[in-house]
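Next come the chains, spelled out residue by residue.
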Amino acid sequence: MPASFCDSKYYNNVVHIRNYIEFRTAENAGSVDAFNYFLGKYPDAAQVKIATDERNALAYKQTQEANTFAAYKSFVDNYPDALQYEEAKKKLGILAFDEAAKKHTLEAIEQFMEQYPNSPKMPDAKVMKRQLLFEWAKSVNSIEAYHKFASQYPEGEMFIDIFNLKSAALGQSIAADLDRKSVV
């Protein structure tokens, strides 16, 4: 509004009408950008809450349609006050697990577990971590590797396998020592 009309008794009414028209323009455009423009240009408008909720709902709908890790990550980063935030975080945790599981590495699963401790996929991650650590210990085939597994998983179905593998590694270590001593 031009400064010359600020003292008018109709000023607040005119501002409210303008804000309403601009809100409807953004609503009719039906885009996140249009709502962001409205929210940025008219932060004191009476329609800010409605515009924010509609923008967030629209952004979440687009996120769901994309259904990618990047889309959910962007939503969580950009709309922390959205009503859909918790639902988006939950879905993000599921998609993050799927990405970590595709990599099928101990490092990827541990990183997932650290970054998404409340993910509904945490039980699956724990099972995968145990399996990957078991496979790693077998591939390294050292007493230290078997001890690392046994210290993290002292009970369970794989403990006997690790105990047997650790015993075999210890036996190989003793046999190697004896061979070295008999050569001397």
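If you're wondering where the values come from, they're calculated on a predicted model, not measured in any experiment. (Residues numbered from 1 in each chain as written. Predicted model: local features only at pLDDT ≥ 70, side-chain atom pairs only at ≥ 80, totals over all residues. Heavy atoms only, no water.)

Student: Please provide a residue-by-residue account of the nonpolar core, values included.
Tutor: What tends to happen in soluble globular proteins is that the nonpolar side chains get buried as a cluster. The biggest cluster of nonpolar side chains holds 37 residues, and the ones touching the most others in it are F38, F75, I109, F112 and A125. Breaking this core down by element, the ones donating at least two residues are helix 1 (11-29), helix 2 (32-41), helix 3 (48-66), helix 4 (69-78), helix 5 (85-103), helix 6 (106-115) and helix 7 (122-140). Counting residues per element, this core draws most heavily on helix 5, which supplies eight residues. Discounting residues that sit within four places of it in the chain, F38 has contacts with N19, E22, F23, A26, A45, Q47, V48 and A51. (Core = buried A, V, L, I, M, F, W, Y, C linked by side-chain atoms within 4.5 Å. Buried < 20%, exposed > 50% of the residue type's maximum accessible area, 1.4 Å probe, protein only. Helix = DSSP H or I, 4+ residues; strand = E, 2+ residues; numbered from the N terminus. Contact = heavy atoms within 4.5 Å.)

Student: Now, about the side chain of N19: what can you tell me, with residues and values included?
Tutor: Examined against the element boundaries, N19 turns out to sit in helix 1. For N19, a relative accessible area of 6% translates into the label buried. Not counting residues up to four positions away in its chain, the partners in contact with N19 are F38, Y42, A45 and Q47.

Student: Before we move on, could you go through the packing of helix 6 against helix 7 and cite the residues and values that matter?
Tutor: Two elements in contact, helix 6 and helix 7, have axes whose closest approach is 9 Å; the angle formed by their N-to-C orientations is 150°. Taken together, helix 6 and helix 7 sit at an angle that is classed as roughly antiparallel. Here helix 6 and helix 7 pass one another in a crossing that is left-handed. Only M122, A125, K126, M128, K129, L132 and L133 of helix 7 make contact with helix 6, whose side of the interface consists of L106, I109, E110, F112 and M113. In terms of residue class, the contact of helix 6 with helix 7 is made up of nine nonpolar, no polar and three charged. (Axes fitted to C-alpha atoms, helices over the stretch in contact; angles between N-to-C directions. Parallel < 35°, antiparallel > 145°, perpendicular 65-115°, else oblique. Left-handed = near helix turned anticlockwise from the far one by under 90°. Nonpolar A, V, L, I, M, F, W, Y, C, P; charged D, E, K, R; others polar.)

Student: Mind laying out helix 2, listing which residues take part and the relevant values?
Tutor: Within the span of helix 2, buried status applies to V32, A34, F35, F38 and L39. End-on view of helix 2: buried residues confined to an arc of 165°, all on one side of the axis. Facing away from the buried side of helix 2 by more than 90 degrees, the exposed set consists of D33, Y37 and G40. Taken together, the buried residues of helix 2 touch helix 1 and helix 3. (Arc of directions from axis to C-beta.)

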